[in-house]
Amino acid sequence: MKSIDAVLHLSQRFGIPPNEPGILVVEFIFSIVWQLLDATLDDEGLLELNPEKKSTWAAKSQEMEIDPRDSYDEKRAELQERLQNVNTAMAIELIGQFLQNKVTSRIIYLARRNMSTHWVDFVRRLRLLEANSSALRISKALTPEALQQLTSDTRIVLSRECKTSSLQKFHAVMAFGSLSSSSSLCQGASCSALWLPLDLLLEDFMDGYQIDATSAIEIITGLIKTLQAINGTTWHDTFLGLWIAALRLVQRERDPIEGPMPRLDTRLCILLSITPLVVADLIEEEESAPVDETECGSTNHWKDKKDSGMTRNDLVSSLQMLGDYQGLLTPPQSVVEAANQAAAKAMFFVSGINVGSAYFECISVKDMPINCSGNMRHLIVEACIARNLLDTSAYRWPGYVNGRINQIPHSVPAQAPSWSSFMKGALLTPVLINALVSTPASSLAELEKIFEIAVNGSDDEKISAATILCGASLIRGWNIQEHTVHFIARLLSPPVPPEYSGTDSHLISYAPMLNVLIVGIASVDCAHIFSLHGLVPQLACSLMPICEVFGSCVPNVSWTLTNGEEISAHALFSSAFILLLKLWRFNHPPLEHGVGDTPTVGSKLTPEYLLLLRNSYLVSSGNVNKNRNRRRLSALASSSSPEHIFVDSFPKLKVWNRQHQACIASTLSGLVHGTPVHQIVDGLLNMMFRKICRGSQSLTSVTSGSSSSSGPGNEDTSLRPKLPAWDILKAVPFVVDAALTACAHGKLSPRELATGLKDLADFLPASLATIVSYFSAEVTRGVWKPVFMNGTDWPSPAANLSNVEEQIKKILAATGVDVPSLAAGGNSPSTLPLPLAAFVSLTITYKIDRASERFLNLAGPALESLAAGCPWPCMPIVASLWTQKAKRWSDFLVFSASRTVFLHNSDAVVQLLKSCFAATLGLNATPISSSGGVGALLGHGFGSHFCGGISPVAPGILYLRVYRSIRDIVFITEEIVSLLMHSVREIASSGLPRERLEKLRMSKIGMRYRQISLAAAMTRVKLAAALGASLVWLSGGLGLVQSLIKETLPSWFISVHRSEQEEGSEGMVAMLGGYALAYFAVLCGAFAWGVDSTSSASKRRPKILGTHMEFLASALDGKISLGCDWATWRAYVSGFVTLMVGCTPNWVLEVDVDVLKRLSNGLRQWNEEELALALLGIGGVGTMGAAAELIIENDHM
């Protein structure tokens, strides 16, 4: 090898050491073809057109060290020209033969895969030949078109032809796009099979208790890229699937039940704001991708490389086809007017009538002379036009508008208050402010002008501008929503004024505006909208300094708003503090279980993590800013504060959080008599229980961990401590401990306890957070005696407890789960642990109004989490008490109570998972649906306003609302694997009766039936695997997926399983089971890591994937003995490798070369030469030599 290389200088030319004969073969054949190409170009004088102006190789006689002849006569020159023409034609013919021959074309493909820079130069010269060669045009052996086709990306030369019958069956149904082509065989489960994971993810975003720190745009974009790679769909089908899934999300809850949970506005945000932004990111990424098909890391190496406009054309065609789905396009009642305006706008445009946005702001569509009824597609198109994904030619699509308008029906009032009049210079009068609050802005320019006023206007103008931004533009301004949330986030971190010279923080001068902003975004839907746009880290970073500053102010500092309302430092601090705590879900301590070798999910719910994530957006170099969404977040972080921010910058917050963690970990201690904290405790107790504290004995004398004596009560006018909020919060745990202990000892009545706690929460609403923290900790300790909810001392749930039980049974009817009786002991009175009883008594003192909403949004989830952790039936009792208080929340409360059935019984969770699989696959008839698919899994909403009463809730909805509270999440993985294999057996046996099968086998159509039934079975098997993978990924994220691939699956294969081959099945069940596990494993990995290397999670992939591939190779080598069925194992290995080669080639590049070679050898022992070759062919330079040797060896065989 060294001597050959020394003569030909191949390693020097290509930069690859000649370690293996196969590498030299690739370099040698590639160099021959290249030399033929350069010689041909030189013969025709085309080399001058190449940028390098000369050949890479020694092409001319002088360069070849051949002695020149001294003289040429004319005949010799003519002969030489004829010979040159013949040589040129022969060289072209040889190039064609090299590219067409099975062996040499495959070897050249290896060069294309692994010598990308050289291949680019080679292809450039080929294109030069195609475009300019006269010899090529007259060649009979090769045409320019054929040459272009032979070197295009559409030609897969390392095809996976299969010699074994089992793999022929597998590849027939596992090939790219097969799921869509065979989906018609699966009826109900078919049309939703491809996008089931997307439907589950979108519905998972609707969990009211989950504020995600990661942008939904980033998560959905990653999932779409994964599903497109695995399913092999076109961009047209991909976009159509995305729109349909988002529309299903909206239609699933057209009239959501009332309660502290995301409602229709959040769902519309996903459809009309998040989804267009996802599409924009995907199109930008596709259009900016390298045109060269040789990029080794390309996941699309088997697809046509489209020109930059093709992806947009696919978007257009998908939206045009969306018009056929009329059932999904009906707008919810609250959106009808907006949809009608969008349709009217298109109708005016088509009619050639130019009207501004002011017309639609002032005139009702009812006044139009023609039907302008719009649907959800009109709103989607408007959202796409606003983001430059479409232009107004969309208005002319067939069937998009119903007709034309000849004239404008009404003129616009000259001085009508609107965004148009505001842009023309109208002053912000109360009438105009109300108009701008109730109508969303239609353009970025309008928002920029409002933002400018908020930054540079007078104090009153700042308040007005903040009010406008938090109005309709935030909730319903879908076309500009990403800009609205960014402007609000920037205003929460206002810059230091140039002339500012005070010693206090500059934030104090912005207090009125900050208050309007914080209160304006405190609703459940607003918080979720910020979360979906990825602004939680930045929002937390903005709220922390506000809490630090205003929590250090004494309460007599106050400000007056434009409406006359007065706000104090305590009020502003409380609003900011409670919103901040909601962002990190502080009342959910880190889960005690660990999953694999990654941090637990709970560890991400800290202020430190949110700041770390926010600081990561400041990184402005490398690949980070290739992503449009990342650029937006980076720009926002830089504009707010270009410096990295850490929790040490907020010492008061850090001290409170440390005390909060200590309160969770152990009982209270450390209150020393005479200290400032002790004095504050006494002062607060005097304020809360002034009548009792005037008696002979103080409340603190009976506390378990803080015994001391309190002085006599002061006068009412001086009872409220004039102290900063942070100082008060330090004392609150001791205050609540003293009050609860006094109640337990009979010194306080339950009513007095609830009233006192409410007084404390009214005095400093932020204290509610510490009260939540204390009660949560004390309930889990189990040291407090239960109290009887008898209606005398404590409120009684008896009035509707039995009704709650019946409704819970109805909700769970579709799952087959038994609901424990709420009155197991006959008519015995209900009991609750004292801290829980006190907490629920406190919460039902709040009114259900906008002012209390942000506090109940904090207390509500904490109360449910607390009650769910207590023995059954604590949560139904709490729901019964709250239902008496808030009847319009009854559906929500009963549903919350029904979830807790699964938290006390792991068997119920398993039954719920069984119901999810059965509903999705249509394996048995359920009250919801018998056809399977997304409709059966996720249902169509719930609540008593449907069908005259509460109906069964779909099992998928129940699981998505339950899994976050399951502590032992690892067992879920094992159960899902078990259920997947059970589903395979059900699918295989759910065809025709055995007698009919026997007759079919004997008939001529038997073979065709078996092919169809296998394709249909595989479609359903893939659907089951997609469901299982989605549930694993959503339930435990990256950690659970890695635990599955590293531990669960190897253990399953090693374990001995009961024989699952039924008589006459010929191992079909075992084979389908192996393919199901392969699809399941690859999907799990792809969901968690992505198919490319753009996500941060992909950095963990090489280690875990390498471990799993080593397991496969060792088992193939015979070093590991397996307990599973051999057919299952073979199907798993071949299926896993096939999917990696075809769908996730980047993964192969990350696997150790030696492991790939061992895997390839194992596959060859199974007569899977083509699959072995395909694996080596995309394994990089390290496997190129082995691949070349295998190509030659196969040819000889």
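Residue positions are given per chain, counting from 1 as you read along its sequence in written order. Where totals are concerned, whole chains, interfaces and linings use all residues; where local detail is concerned, this predicted model gives features only for residues with pLDDT of at least 70, and gives and counts side-chain atom pairs only at 80 or more. The basis for the side-chain values is all heavy atoms of the structure; hydrogens and waters are excluded.

## Considering the overall build of the protein
Rule in force here: Helix numbers and strand numbers start at the N terminus; a helix is a DSSP run of H or I with at least 4 residues, a strand a run of E with at least 2. For each residue, the accessible area found with a 1.4 Å probe, counting protein chains only, is set against the maximum for its type, and the residue is called buried under 20%, exposed over 50%, and partly exposed in between. Note that accessible areas follow from Shrake-Rupley with a 1.4 Å probe, and for residues the cover is restricted to the protein chains shown.
Summing up its helical and strand segments, the protein has 55 helices and four strands in all. For the protein, with 1197 residues in total, the buried portion stands at 58%. About 48500 Å² of surface is accessible on the protein, with carbon and sulfur atoms providing 52% of the total.

## Observations regarding the pattern of salt bridges
Just so we agree on the cut-off: Criterion for a salt bridge: a side-chain nitrogen of Lys or Arg within 4 Å of a carboxyl oxygen of Asp or Glu.
One pass over the full model with this rule turns up 34 salt bridges. Linking Arg 312 and Glu 287 is a salt bridge whose minimum nitrogen-to-oxygen distance equals 2.9 Å. Taken as a pair, Arg 312 in helix α15 (residues 310-322) and Glu 287 in helix α14 (residues 264-288) lie far apart in primary sequence, 25 residues in all. Owing to a relative accessible area of 28%, Arg 312 belongs among the partly exposed residues under this scheme. The class for Glu 287 is partly exposed, based on a relative accessible area of 29%. In this structure, Glu 382 engages Lys 345 in a salt bridge whose closest nitrogen and oxygen atoms are separated by 3.1 Å.

## As for the packing of helix α32 (residues 651-665) against helix α35 (residues 725-744)
Put simply, the test is: Every axis in this analysis is a line fitted to C-alpha atoms, fitted for helices over the stretch in contact. Angles between the N-to-C directions lie between 0 and 180 degrees. In this scheme, roughly parallel covers angles under 35 degrees and roughly antiparallel covers those over 145, while 65 to 115 is roughly perpendicular and the rest are oblique. Two residues form a contact once any of their heavy atoms are found within 4.5 Å.
The interhelical angle for the contact between α32 and α35, taken along N-to-C directions, is 5°, at an axis separation of 10 Å. As the angle between them shows, α32 and α35 are arranged roughly parallel. Along the contact surface, α32 presents Lys 652, Leu 653, Val 655, Trp 656 and Gln 659, while α35 presents Trp 726, Leu 729, Lys 730, Pro 733 and Phe 734.

## Some words on the environment of Ala 141
Within the secondary structure, Ala 141 sits in the loop between α7 (134-138) and α8 (144-150). Judged by relative accessible area, which is 39%, Ala 141 ranks as partly exposed. Taking C-alpha positions, Ala 141 is 9.2 Å from Met 90, a pair spaced 51 residues apart along the chain.

## Looking at the environment of Met 1018
With respect to the helices, strands and loops of the structure, Met 1018 is situated in helix α48 (residues 1006-1054). Separated by 54 residues in sequence, Met 1018 and Leu 1072 place their C-alpha atoms 7.2 Å apart.

## Description of the packing of aromatic side chains
Put simply, the rule is: Pairs were defined over the aromatic rings of Phe, Tyr and Trp, the Trp ring being its six-membered one, requiring ring centres within 6.5 Å. Orientation was assigned from the angle between planes: stacked under 30 degrees, edge-to-face over 60, tilted for the rest.
The tally for this structure, following the rule as stated, stands at 29 aromatic pairs. For the pair Trp 397 and Tyr 400, a centre-to-centre distance of 6.0 Å together with 80° between the ring planes defines the contact as edge-to-face. Each member of the pair, Trp 397 together with Tyr 400, is buried. Here the aromatic rings of Tyr 959 and Tyr 963 are separated by 5.7 Å at their centres, their planes lie at 25°, and the arrangement is stacked. Through a chain of ring-to-ring contacts, the aromatic side chains of Trp 1052, Phe 1053, Phe 1111, Trp 1129, Tyr 1132 and Phe 1136 assemble into a single cluster.

## Things to note about the packing of helix α22 (residues 444-456) against helix α25 (residues 481-491)
At their nearest, the axes of α22 and α25 sit 10 Å apart, and the two run at 10° to each other. Judged by the inter-axis angle, α22 sits roughly parallel to α25. Residues Leu 444, Leu 447, Glu 448, Phe 451, Ala 454 and Val 455 of α22 touch α25, and the partners they reach there are His 483, Thr 484, Phe 487, Arg 490 and Leu 491.

## Points about helix α13 (residues 235-252)
Selection rule: Helix span, expected: 1.5 Å multiplied by one less than the number of residues in the helix.
Taking 1.5 Å per residue, 18 residues should reach 26 Å; α13 reaches 25 Å between its end C-alpha atoms and fits that length. Taken across its 18 residues, α13 has 17 buried, putting it largely inside the fold.

## Points about the side chain of Ser 1160
Structurally, the position occupied by Ser 1160 is in helix α53 (residues 1153-1165). The contact partners of Ser 1160, leaving out residues within four places of it in the chain, are Ala 1172, Leu 1175, Leu 1176 and Leu 1190.

## Some words on the nonpolar core
Just so we agree on the cut-off: Take the buried Ala, Val, Leu, Ile, Met, Phe, Trp, Tyr and Cys residues and link them wherever side-chain atoms come within 4.5 Å; each set so joined is a nonpolar core.
Membership of the largest hydrophobic core comes to 392 residues, with the highest contact counts inside it found for Ile 220, Phe 550, Phe 577, Phe 1080, Trp 1129 and Tyr 1132. If you tally residues by element for this core, the top one is α48, at 21 residues. Those residues in contact with Phe 550 that lie beyond four places of it in its chain are Leu 507, Ile 508, Ala 511, Leu 514, Trp 559, Ala 569, Leu 572 and Phe 573.

## Looking at helix α12 (residues 216-231)
The following threshold applies: Polar contacts, as used here, are pairs of N or O atoms within 3.5 Å; protein pairs need one atom able to donate a hydrogen and one able to accept it. Residues neighboring in sequence count only if both atoms are side-chain atoms.
The terminal C-alpha atoms of α12 lie 22 Å apart, and with 16 residues this matches the ideal 22 Å at 1.5 Å per residue to within 8%. For α12, a buried count of 14 out of 16 residues is recorded, marking the element as mostly surrounded by other parts of the structure. A side-chain oxygen of the first residue of α12 lies 3.0 Å from the backbone nitrogen of Ile 217; this N-cap is Ser 215. Following α12 by one or two positions, Gly 232 has its phi on the positive side, about 65°.

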